[in-house]
Amino acid sequence: MTARPPSATSLPETVGTLSVSARRITPGGAYDGGGDVHGVVDTPFGTRLLIGDVMGKGPELSRTADALLHAWRETAAQQRSLEVLAVRLHTLVAHSDEPDRFITATLVTIAPDGSAELVCCGHPPPLLIRGGGAVPAAVPAPAPPLGLLDLAQGWCAAQPIPRTAWDRMLLHTDGVTEARDADGTFYPLAERAAEISTLPLASFTAGLAADLLHHAQGRLQDDASLLAVEAA
């Protein structure tokens, strides 16, 4: 499916102590909105990031994504524990009016000193970019997606990310890493992110989005979203 050109999202350029840049590519002819969701908000507990992907097909995905984002924005500034925040979002999804709905999601809290913590609920971990390299954050105990946390006794564990582990952090949906070229090769996100990691943040996300479209020959089967942050 031919994709629409990548577009910058409406996030501000600076949130809390972080510079922010996000891009989204939507398959052409797809329903408006889609199932990808992302946000950045400043809170008393640090700057908080969310990226997620509503599983399923159809126009109702955007409604579920909007409801999740709204609930996250409200709760992120009220709940200190990232684990409890994830569980509250899980409860929202599990008791929604949409049958069999679940959402893969990554939640991050970044303190002013750059130390961070991470919860991955069935979603790819962020890339930690430093010194010309890019590696996925370690998640020893990934949780099921939101809406399915009962499979893990209704709980999830946060993982620490030391300040020394990253200079730039890249969150993404699996629409990025599952994009294929004509030979069926998946997009090598970590490799390409490392190659252009010295670019300014907005140019970095724009370059990755353009390179992704080139790799997939302009054709994507799913929404693809990128959310990058670094110290302002």
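Thresholds applied
Residues numbered from 1 in each chain as written. Predicted model: local features only at pLDDT ≥ 70, side-chain atom pairs only at ≥ 80, totals over all residues. Heavy atoms only, no water. Helix = DSSP H or I, 4+ residues; strand = E, 2+ residues; numbered from the N terminus. Rg over C-alpha atoms; globule rule 2.2 N^0.38 Å. Buried < 20%, exposed > 50% of the residue type's maximum accessible area, 1.4 Å probe, protein only. Salt bridge = Lys/Arg side-chain N within 4 Å of Asp/Glu carboxyl O. Phe/Tyr/Trp six-rings, centres within 6.5 Å; stacked < 30°, edge-to-face > 60°. Lys NZ or Arg CZ within 6 Å of the ring centre and 35° of its normal. Pairing = 2+ DSSP bridges. Expected span 1.5 Å × (residues − 1). Contact = heavy atoms within 4.5 Å. Arc of directions from axis to C-beta. Core = buried A, V, L, I, M, F, W, Y, C linked by side-chain atoms within 4.5 Å.

If you tally the helices and strands in the protein, you get five helices and 12 strands. For the protein, whose C-alpha radius of gyration is 17 Å, the value lies close to the compact-globule estimate of 17 Å for 232 residues. In terms of overall dimensions, the protein has a C-alpha envelope of 40 × 40 × 30 Å along the principal axes. Split into buried and exposed, the 232 residues of the protein put 52% on the buried side.

Another point: the pattern of salt bridges. A complete count under the given rule lists four salt bridges for this structure. The shortest N-O distance in the salt bridge between Arg24 and Asp223 comes to 2.7 Å. Placement of Arg24 in strand 3 (residues 18-25) and of Asp223 in the loop between helix 5 (201-215) and strand 12 (224-231) is noted, with a sequence separation of 199 residues between them. Assessed through its relative accessible area of 16%, Arg24 is described here as buried. You can call Asp223 buried: its relative accessible area is 5%. Taking the shortest distance from any N to any O, the salt bridge between Arg168 and Glu230 comes out at 2.9 Å. Of this pair, Arg168 sits in strand 11 (residues 168-172) while Glu230 sits in strand 12; the two residues are 62 residues apart in sequence, bridging distant segments of the chain.

Let's shift gears to the environment of Glu178. Along the chain, the position of Glu178 falls in the loop between helix 3 (174-177) and helix 4 (189-195). Spatially, the C-alpha atom of Glu178 lies 8.8 Å from that of Asp222, the residues being 44 residues apart in sequence.

Let us look at the packing of aromatic side chains. The description of an aromatic ring pair uses the distance of the two centres, along with the angle that the planes make with each other. One pass over the full model with this rule turns up zero aromatic pairs. Against the face of Trp166 rests Arg163, its NZ or CZ located 5.1 Å from the ring centre. Seen from the ring of Phe204, Arg168 lies directly overhead, with NZ or CZ sitting 4.7 Å from the centre.

This brings us to the pairing of strand 9 (residues 133-136). For strand 8 (residues 127-130) and strand 9, the ladder comprises four bridges, and the chain directions are antiparallel. Directly across from Ile129, in strand 9, lies its bridge partner Ala134. Between strand 8 and strand 9, which pair antiparallel in sequence order, lie two residues; one of them, Gly131, sits at a positive phi of approximately 60°.

With five of its five residues buried, strand 11 lies for the most part within the structure. With three bridges connecting them, strand 8 and strand 11 associate as antiparallel partners. Bridge pairing in strand 11 places Ile129 opposite Arg168.

Right, let's talk about helix 1 (residues 60-76) for a bit. For an α-helix the count is 3.6 residues per turn, leaving residues at separations of three or four pointing the same way. Between the first and last C-alpha of helix 1 there are 24 Å, a value that for 17 residues agrees with the 24 Å anticipated at 1.5 Å per step. Along helix 1, the residues that are buried comprise Leu61, Ser62, Thr64, Ala65, Leu68, Leu69, Ala71, Trp72, Thr75 and Ala76. Buried residues along helix 1 sit in contact with strand 4 (36-43), strand 5 (46-54), helix 2 (82-94) and strand 6 (103-110).

Taking 1.5 Å per residue as the helical rise, helix 5 with its 15 residues ought to reach 21 Å, and the 21 Å between its terminal C-alpha atoms agrees with that figure. Every buried residue belonging to helix 5 is among Leu201, Phe204, Thr205, Leu208, Ala209, Leu212, Leu213 and His215, and all of these are buried. Relative to the axis of helix 5, the buried residues are bounded by an arc of 165° and lie together on one face. Residues of helix 5 that are buried make contact with strand 3, strand 8, strand 11, helix 3, helix 4 and strand 12. Gln217, located one to two residues past helix 5, shows a positive phi value of around 55°.

This next bit is on the environment of Gln221. Tracing the backbone through its elements, the reader meets Gln221 in the loop between helix 5 and strand 12. It is 7.5 Å that separates the C-alpha atoms of Gln221 and Ala179, two residues lying 42 residues apart in sequence.

Moving on, we come to the nonpolar core. Membership of the largest hydrophobic core comes to 27 residues, with the highest contact counts inside it found for Leu50, Leu68, Trp72, Leu89, Leu107, Val119 and Leu146. Those elements giving two or more residues to this core turn out to be strand 4, strand 5, helix 1, helix 2, strand 6 and strand 7 (116-121). Examining the composition of this core, we find that seven residues originate from one element, helix 1, more than from any other.

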